[in-house]
Each structure stands twice: as C-alpha cells, then as structure tokens.
Amino acid sequence: MASEKRAADDAFINGSEDDDQGEHDDEKMEQFFALIRNFHEARSKRKDELRQREEKMKHKKENKKRRLDNEQYNSSWVPSFEWSDFSEEIEFRRPPVIFPSPYNKKDDKKNQEDDDKLDLKLTL
C-alpha cells in the first residue's frame, strides 16, 4: 500500500497523472461540443421541416382559395325567383302534430269552490 502511494506521488510529481487527467478532460470537452453541435443541427433541421410544412399548408390554402374563386366565376347556374314561388300554398307530407291543450285540475277545483261561496260583490 505504501508502495502504491509512493508510485502515485511519483507519477503526480512527474506529471504523468496530469497528462492522463488532461486527456480525459479534453475527451469530455470534445464530447460536450459534439453534443452541442448535434443539438444545433437537430434544431435547425426541425425548423426547416416546420417551415416546409407551413409553406405546404399555405400553398394548399392558396390553391383551394383560387379553385373556389374560379368555381364562383365559372358557375353556370344563376339563382332566380318568381312571384309564383312564394304564392303557392305549401303541402306537407303529413298533417302537423296538434297537442291537446293542458288541463289544470287545480284551477278547475278553485273555480268550483268560488261558485259555492257567497257572492259578496256589489253590483248596481
């Protein structure tokens, strides 16, 4: 154990451990910068994809709008109405449903009770 410590101390004094540590640090820095480069490349690639997709959508909308505008101008049918269109009576396929009028039992009982009481109204 003592000999290992002495060997480590000698290596530290000679600078061989610094070289190993420095090479290790250089490798870490290279990996770090490689990750940053990959991140930037991926980000720029994604931006380009989104930009291309947006341009496609914009182009499709413009084409659709042009097509709809052309169809409006090329339409052969022009709507026209005559007075007879509105004067004719409408015929339904089946008669409309007629609901019975509501029947209130409370109101009917109340009217009967009023009839049974004395009439206190003064009339001339």
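The structure contained in this document is the topic of the report that follows. What you see is a predicted model; the values in this text were computed from it and never measured. (Residues numbered from 1 in each chain as written. Predicted model: local features only at pLDDT ≥ 70, side-chain atom pairs only at ≥ 80, totals over all residues. Heavy atoms only, no water.)

1. Regarding the pattern of salt bridges
Side-chain pairing between opposite charges can occur once the charged atoms of the two side chains come close. Evaluation of the coordinates by the stated rule reveals two salt bridges. With a closest N to O distance of 3.4 Å, arginine 46 and glutamate 49 form a salt bridge. Taken together, the residues span about one helical turn, with arginine 46 and glutamate 49 both in helix H2 (residues 16-73) at a distance of three residues. For glutamate 49, a relative accessible area of 38% puts it in the partly exposed group. For aspartate 48, the salt bridge is made with arginine 51, and the minimal N-O distance between the two is 2.9 Å. Remark: arginine 51 and aspartate 48 occur in helix H2; sequence separation between them is three residues, near one turn of the helix. (Salt bridge = Lys/Arg side-chain N within 4 Å of Asp/Glu carboxyl O. Helix = DSSP H or I, 4+ residues; strand = E, 2+ residues; numbered from the N terminus. Buried < 20%, exposed > 50% of the residue type's maximum accessible area, 1.4 Å probe, protein only.)

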